Amino acid sequence: DSPFHTLPTSSKVITSYGDTVLKQNLYSFDYLDGSPPNDFYSKLKKRNILVPLEERVWKSDKLVSATATAFKDFSNSSADTILKPFKIYALETASPLTAAQAGFSINLSYPFTSVPLANTYYKPKADYAYDELYGNLTEQRLTGDKTDALIWDEASSLPLAQVNNALQTEIAYTSFETQSKGNWSFSGAPVTNITAPTGSKAYNLTSGALIKTAGLLSTKSYILAYYAKTDASVTVAGGTQSNQRNG
């Protein structure tokens, strides 16, 4: 058991085949301060954040499974205030590893001086990004897969939209119900309209255009979807419009 906390660190079972399976959990408080990468162990401890960073599963003294979580400070103002998991790793191996191959002992010795990703068998599986002010999730991606992006309301308490296969800088959404512009830029003020399909607000384009340019790439195609009254005049500029659909 760890001398730094009271959470369970290991459990052992013997299978019906006689194999001994040992499961170990390693926490942020168990690591020596100053350990790489980016010394997030001591940062987590200073914030009193006790979280599991590694899970290892041994079978008959060989490592058969492992996961590791790397943390990062996303704050752009006060240092070490937005500590969030930003990468998940998992063990990939064609055959179980000995302790020597794994790079660490099966017997836990505190504090740990070794670090997650101690060997090349750990492969990235997922990564995350957060906004620098409130720490809300803005992007998530499985390694080798598409990115999912989110937009939050002006209070940063609720997600307004989630978009598949896009970066957060590439998307925009607003229903004009709140002060949040959702990555759009416009100078006019929304107006009350009882026929608005998504609430009670609408936007009159005569008061100014809606603009989204930052983050867009000329090599990509984007979907622009909107509600408009039948007599409204909507012009899309700054690109080539195709596959227009009404309904």
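Preceding this section is the structure that the text describes.
Predicted model, so just to flag it, every value in this text is computed and none were measured. (Residues numbered from 1 in each chain as written. Predicted model: local features only at pLDDT ≥ 70, side-chain atom pairs only at ≥ 80, totals over all residues. Heavy atoms only, no water.)

Peer 1: What exactly am I supposed to notice about the side chain of Arg-56 here?
Peer 2: Residue position: Arg-56 is located in strand S3 (residues 52-59). Polar contacts involving the side chain of Arg-56 include one to the side chain of Glu-54, which spans 3.3 Å. (Helix = DSSP H or I, 4+ residues; strand = E, 2+ residues; numbered from the N terminus. Polar contact = N/O pair within 3.5 Å; in protein donor to acceptor, adjacent residues only side chain to side chain.)

Peer 1: What am I meant to see in the pattern of salt bridges here?
Peer 2: Any two side chains of opposite charge can pair if their charged atoms end up close together. Tallied over the entire structure, the rule returns 7 salt bridges. A salt bridge links Asp-19 to Lys-59; its shortest N-O distance comes to 3.9 Å. Placement of the pair is Asp-19 in the loop between strand S1 (10-14) and strand S2 (20-27) and Lys-59 in strand S3, with a sequence separation of 40 residues. For Lys-59, a relative accessible area of 39% translates into the label partly exposed. (Salt bridge = Lys/Arg side-chain N within 4 Å of Asp/Glu carboxyl O. Buried < 20%, exposed > 50% of the residue type's maximum accessible area, 1.4 Å probe, protein only.)

Peer 1: Whenever I open this one, the nonpolar core confuses me. Can you help?
Peer 2: The tendency in soluble globular proteins is for nonpolar side chains to be buried side by side. Of all hydrophobic cores here, the largest spans 26 residues; its most connected members are Phe-40, Leu-53, Trp-58 and Leu-63. Of all elements in the fold, only S2, helix H1 (40-46), S3, strand S4 (62-73), strand S5 (83-91) and strand S6 (122-130) reach the threshold of two or more residues within this core. Tallying contributions element by element places S4 first for this core, with 5 residues. For Leu-53, the residues in contact, after removing those within four places along its chain, are Leu-26, Tyr-27, Ser-28, Tyr-31, Phe-40, Tyr-41, Leu-44, Thr-67, Ala-68, Thr-69 and Phe-71. (Core = buried A, V, L, I, M, F, W, Y, C linked by side-chain atoms within 4.5 Å. Contact = heavy atoms within 4.5 Å.)

Peer 1: When you look at the sheet that holds S2 in this model, what are you seeing that I'm missing?
Peer 2: Adjacent strands of a sheet pair through backbone hydrogen bonds, lying either parallel or antiparallel. The 9 strands are arranged S1-S2-S3-S4-S5-S6-S7-S8-S9 in an open sheet whose pairing can be described as antiparallel. Lying at the two open borders of the sheet, with one neighbouring strand each, are S1 and strand S9 (159-164). Taking each pair of neighbouring strands and ignoring which way they run, the sheet shows an average axis angle of 15°. As judged from the 5 bridges shared by strand S8 (residues 147-152) and S9, these two strands associate in the antiparallel manner. Paired with Asp-148 across the two strands is Asn-164, which belongs to S9. (Pairing = 2+ DSSP bridges. Axes fitted to C-alpha atoms, helices over the stretch in contact; angles between N-to-C directions.)

Peer 1: Looking at this structure, I do not really get the packing of aromatic side chains. What am I missing?
Peer 2: The relative placement of two aromatic rings is captured by the distance of their centres and the angle of their planes. For the structure shown, the criterion picks out 10 aromatic pairs. Residues Trp-58 and Phe-104 carry aromatic rings whose centres are separated by 6.2 Å and whose planes lie at 85° to one another, so their mutual orientation is edge-to-face. You can see Trp-58 sitting in strand S3 and its partner Phe-104 sitting in the loop between helix H2 (99-102) and S6, a full 46 residues away along the chain. Here the two residues Trp-58 and Phe-104 agree in accessibility, since each one is buried. Above the face of the Phe-104 ring, Arg-56 is positioned so that its terminal group lies 3.5 Å from the ring centre. (Phe/Tyr/Trp six-rings, centres within 6.5 Å; stacked < 30°, edge-to-face > 60°. Lys NZ or Arg CZ within 6 Å of the ring centre and 35° of its normal.)

Peer 1: For this particular structure, what's the right way to read the pairing of S6?
Peer 2: Within a regular beta strand, the side chains point alternately toward one face of the sheet and then the other, so they alternate between its two faces. As paired elements, S5 and S6 share 5 bridges and run antiparallel to each other. When the bridges of S6 are listed, Lys-87 appears paired with Asp-127. Pairing of S6 with strand S7 (residues 137-142) involves 5 bridges; the strand directions are antiparallel. Considered in S7, the bridge of Tyr-130 is made with Leu-137. Hairpin connection from S6 to S7: 6 residues lie between these consecutive antiparallel strands, with Gly-135 at a positive phi of about 80°.

Peer 1: Honestly, the environment of Glu-132 in this entry has me stumped. Any pointers?
Peer 2: Among the structural elements, Glu-132 can be located in the loop between S6 and S7. Judged by its relative accessible area of 45%, Glu-132 is partly exposed. Sequence-wise, Glu-132 and Ser-77 are 55 residues apart; in three dimensions their C-alpha atoms are separated by 8.0 Å. In this structure, Glu-132 is in contact with Phe-74, Ser-75, Asn-76 and Ile-82, ignoring residues within four places of it in sequence. There is a polar contact of 3.3 Å between the side chain of Glu-132 and the side chain of Asn-76.

Peer 1: I'm lost on the environment of Leu-97 in this one. Help?
Peer 2: On the secondary structure map, Leu-97 appears in the loop between S5 and H2. You can call Leu-97 buried: its relative accessible area is 2%. Considered as a pair, Leu-97 and Val-64 are 33 residues apart in the sequence and their alpha carbons are 6.8 Å apart. Setting aside chain neighbours within four positions, we find Leu-97 in contact with Trp-58, Asp-61, Lys-62, Leu-63, Leu-91, Ala-102 and Tyr-121.

Peer 1: Help me understand a nonpolar patch on the surface, please; the structure alone is not making it clear to me.
Peer 2: Nonpolar side chains collect at one region of the surface, where Leu-205, Leu-224, Tyr-226, Val-234 and Val-236 lie side by side and expose about 400 Å² of accessible area between them. Tracing the chain through its elements places Val-234 in the segment after strand S11 (201-202). (Patch = residues over 30% accessible without salt bridge, like charges linked within 9 Å, V, L, I, M, F, W, Y side chains within 5 Å. Areas by Shrake-Rupley, 256 points an atom, 1.4 Å probe, with all protein chains shown as cover.)

Peer 1: Teacher, can you tell me more about the environment of Phe-186 here?
Peer 2: You can see Phe-186 is positioned in the loop between S9 and strand S10 (191-192). Overall, the relative accessible area of 8% leaves Phe-186 in the buried class. Sequence spacing of Phe-186 and Gly-208 is 22 residues, and the spatial spacing of their C-alpha atoms is 6.4 Å. Apart from residues lying up to four places away in sequence, Phe-186 is in contact with Phe-176, Lys-181, Tyr-203, Ala-209 and Leu-210.

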